[in-house]
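Okay, here's what each chain looks like letter by letter:
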Amino acid sequence: METNDGFIVLHDPRKNRGTAFTEEERGLLGLKGLLPEAVESIDLQVERVHEQIGKLEKPINKYVYLLQLMETNETLFYKVLMDDPVSYMPLVYTPTVGEACQTFGHIFRRPRGIYLSIKEKDNIRAILQNWQEKDVRFTVVTDGERILGLGDLGICGMGIPIGKLSLYTACAGVPPEYTLPIMLDAGTNNQEFLNDSLYPGLRQERARGEEYDAFIAAFVEAITEVFPKICIQWEDFAGINALRILNTFRDKVCTFNDDIQGTAAVATGGLLAASRYSGKPLTHQKFLFLGAGAAAIGIADMLVQRLQKEALAAEVAYERIYMFDNKGLLVTSRSDLTAYNQKFAHDQEPSDSFVDTIKNIRPTAIIGVSTIAGAFTREVIEAMSAINERPVIFPYSNPTSHSECTADEAYNWSKGKAIFASGSPFPPVIYNGKTFIPGQGNNVYIFPAIGLAVFATEARRLTNEMFLTASEALAKQVKAEDFEQGLIYPPLSNIFEVSVNIAVEVATRIFDSDLAGIDRPLDIEALVKSKIYRAKYEQ
Ligand SMILES: O=C([O-])CC(=O)C(=O)O
Ligand SMILES: [Mg+2]
């Protein structure tokens, strides 16, 4: 650090070290008297944070505290998060981030990221130039229409891009200065918010059709011009827009949709690990989805891709996948199916009972992407357990309040037979004297790793093959001792190491696909590792 202006340094979260500034630095920077006498280590600062957070009872208050820490001392924030992801991730991410979004207008203190209103459609380039960093590589962008399973939260959905990008850094070491959270404010149809005087967004109904698409197109054009190396992560768009946006831009810029491709990779990785665990090959299985939206289609498409890799013909692979939505089983006689859904419709009798469908089809796995809390009832889980030695039960909807069942229910109702993973975290369950650790089948095992791979390779595009590589790299890292505890994902406490390993394999795939923006190095692992951010005060 060279500046002489200690006061400015102290108020710059990226440069601030608080009480950890040394005597020498204090003299050099003009910090004398601006700090109390003691010179503390970062570990001691972490201890103080633990004490303060420990005194707060409600998770939402802990969230507010942590976000404030991010705004005052970024290094310390990441140190806290990276040292103990199991405790702190649920506070800055799912499930607490859901409540933070629901109350965003009320807990709002300081703006973060960029807010683009549809009224500014023709000024996006200039607005993006207001950002303090000039080399941004990643944006997580949402329009807030489908925040987790909580629905339309309008501009209050900004908590999601902020939370996801903090995990790019905390879980995979992408340096935070390269990340930018963005909210596309196209209005909201949330009446409660429109009537709330503290709602900080545009007060209008959501723009649709051509007007909306023109806004999205203007955004992509402007951001790729202002930040040419940008990777755009679409997050929590409504199903009606998510697939169309992804398909419009996936071959033109470096982009992916986390709810479609990230979730697909984590689910496929979980199914691969589960098949190793149960000894039942993927090719001998049948998958039933509850929910037939963008996440279901993403997972199903990736499963087909993987089954084909295991030498199953495409038509046979499609036959193994069933979807059940709010109108019942997807069958060819239904006239309300989208083109995406039709691929998964079966030529059989309609059914509007999920339990009967299970008894009929006899799936080996049920995957919940419905956002309906409690949809995996006791009857559902008992039916799965009657058919399968080890039924695979994945309630993937978020946050916890929208999970299709709890870990406790799955283990109890299946009498300890379930191979279980959920989108939101659940505490360990003791059944019949045995402790089960529920795995978290959340795209957090994928998107930070993809981020690090893109960062290291300066990838120009992201393909489904790269996400399949990520899912295989994830499944490979599940160990026998994890299985013994019921885990089909590596423990969350190891997420950093796991993400770096995934990133190395994805980076290799990026070079193999000729989609890197730099020359292939001899040692890809060394390249990836050389890019990693560490939460320490640089000398
Ligand atoms: O944010 C999460 O926990 C996972 C996710 O993408 C979603 O549920 O939309
Ligand atoms: Mg999401």
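Residues numbered from 1 in each chain as written. Chains lettered and ligands numbered in written order. Predicted model: local features only at pLDDT ≥ 70, side-chain atom pairs only at ≥ 80, totals over all residues.

1. Looking at the overall build of the protein
The helix and strand inventory of the protein stands at 25 helices and 14 strands. Pairs at least 24 apart in sequence give 72% of the contacts found in the protein among residues at least 6 apart. (Helix = DSSP H or I, 4+ residues; strand = E, 2+ residues; numbered from the N terminus. Contact = placed C-beta atoms within 7 Å.)

2. Structural notes on the sheet that holds strand β4 (residues 231-234)
Sheet architecture is open: five strands sit in the order β1-β3-β2-β4-β5, paired in parallel fashion. If you trace the sheet from one side to the other, it starts and ends with β1 (114-117) and β5 (255-257), each paired once. Between one strand axis and the next, the sheet turns through 20° on average, direction left out of account. Where strand β2 (residues 138-142) and strand β3 (residues 179-185) come together, five bridges link them in parallel fashion. Across the sheet, residue phenylalanine 138 finds its bridge partner in β3, namely threonine 179. (Pairing = 2+ DSSP bridges. Axes fitted to C-alpha atoms, helices over the stretch in contact; angles between N-to-C directions.)

3. So, the site of ligand 1
In the neighbourhood of ligand 1, the contacting residues comprise Thr94, Leu148, Asp236, Asp258, Asp259, Asn398, Gly423, Asn442 and Asn443. Residue composition of the shell around ligand 1, grouped by class: one nonpolar, five polar and three charged. (Near = placed C-beta within 6 Å. Nonpolar A, V, L, I, M, F, W, Y, C, P; charged D, E, K, R; others polar.)

4. Re helix α10 (residues 159-172)
The periodicity of an α-helix, 3.6 residues per turn, causes residues three or four positions apart to be oriented the same way. The end-to-end C-alpha distance of α10, which contains 14 residues, comes to 20 Å, matching closely the 20 Å that a straight helix rising 1.5 Å per residue would cover. Where burial is concerned, most of α10 is hidden: 14 out of the 14 residues are buried. (Expected span 1.5 Å × (residues − 1). Buried ≥ 20, exposed ≤ 12 C-beta atoms within 10 Å, placed from the backbone.)

5. Details of the nonpolar core
If you look at the biggest cluster of nonpolar residues, it comprises 169 residues, and the most contacted ones within it are Phe289, Ala453, Ala470 and Ala503. Each residue touching alanine 503, except ones within four places of it in the same chain, is listed here: Ala172, Ala449, Leu452, Ala453, Ala456 and Val528. (Core = buried A, V, L, I, M, F, W, Y, C linked by C-beta atoms within 7 Å.)

6. Focus on the environment of glutamate 192
When you line up the elements, glutamate 192 lands in helix α11 (residues 191-194). Using a count of 10 C-beta atoms within 10 Å as the deciding quantity, one classes glutamate 192 as exposed. With 43 residues separating them along the chain, glutamate 192 and glutamate 235 place their C-alpha atoms 23 Å apart.

7. Here we look at the sheet that holds strand β11 (residues 419-422)
Taken in spatial order, the seven strands make up an open sheet running β8-β7-β6-β9-β10-β11-β14, and their pairing is mixed. Edge positions in the sheet fall to β8 (328-329) and β14 (439-440), since each has one partner strand and no second. Its contacts with the sheet place helix α14 (residues 258-278) against β9 (365-368), β10 (392-395) and β11, and it is angled at close to 165° to β11.

8. Section: the UniProt feature "domain: Malic enzyme N-terminal" (unreviewed entry) in the protein
The residues that UniProt annotates with the feature "domain: Malic enzyme N-terminal" (unreviewed entry) are residues 70-250. As annotated, residues 70-250 has a helix share of 46% and a strand share of 11%, and its two end C-alpha atoms lie 32 Å apart. (UniProt positions renumbered as here; feature names shortened; annotations may be inferred.)

9. So, unusual backbone geometry
Most peptide bonds take the trans configuration, and most residues that are not glycine carry a negative phi. Following threonine 94, the chain continues into proline 95 via a peptide bond in cis, with omega recorded as 10°. Tracing the backbone through its elements, the reader meets proline 95 in the loop between α6 (85-92) and α7 (96-102). The peptide bond linking asparagine 398 to proline 399 adopts the cis configuration, its omega dihedral lying at -10°. Mapped onto the secondary structure, proline 399 falls in the loop between β10 and α20 (407-413). At lysine 415, a position not held by glycine, the phi torsion is positive, near 55°. Among the secondary structure elements, lysine 415 is positioned in the loop between α20 and β11. Residue lysine 415 is classed as exposed on the basis of its C-beta count, with 12 C-beta atoms lying within 10 Å. Phi is positive for asparagine 432, which is not a glycine, with a value near 55°. Topologically, asparagine 432 is positioned in the loop between β12 (429-431) and β13 (434-436). Classification of asparagine 432 by C-beta neighbours within 10 Å gives exposed; the count is 8.

10. Structural notes on the UniProt feature "domain: Malic enzyme NAD-binding" (unreviewed entry) in the protein
Within the UniProt annotation, "domain: Malic enzyme NAD-binding" (unreviewed entry) is assigned to residues 260-511. Between the C-alpha atoms that bound residues 260-511 there is a distance of 23 Å. The span itself is 46% helix and 12% strand.

11. Here we look at the confidence of the model for the protein
Taken residue by residue, the protein gives an average pLDDT of 97. The fraction at 70 or more is 99%. On the interface metric, ipTM, the complex scores 0.99, and its pTM is 0.97. (pLDDT = per-residue confidence, 0-100.)

12. Points about the environment of glutamate 221
Within the secondary structure layout, glutamate 221 lies in helix α12 (residues 209-226). Counting along the chain gives 225 residues from glutamate 221 to isoleucine 446, while the straight-line C-alpha distance between them is 26 Å.

13. Description of the pairing of β1
Burial of β1 is one-sided: the residues Ile114 and Leu116 facing one way are buried, the residues Tyr115 and Ser117 facing the other way are not. Sheet topology places β1 next to β3; four bridges connect them, and they run parallel. Residue pairing for β3: serine 117 is matched across the bridge by aspartate 185.

14. Here's the deal with the environment of alanine 20
Within the secondary structure, alanine 20 is located in the loop between α1 (6-10) and α2 (23-29). Given 21 C-beta atoms within a 10 Å radius, alanine 20 is considered buried. Placed 517 residues apart in sequence, alanine 20 and tyrosine 537 show a C-alpha to C-alpha distance of 8.5 Å.

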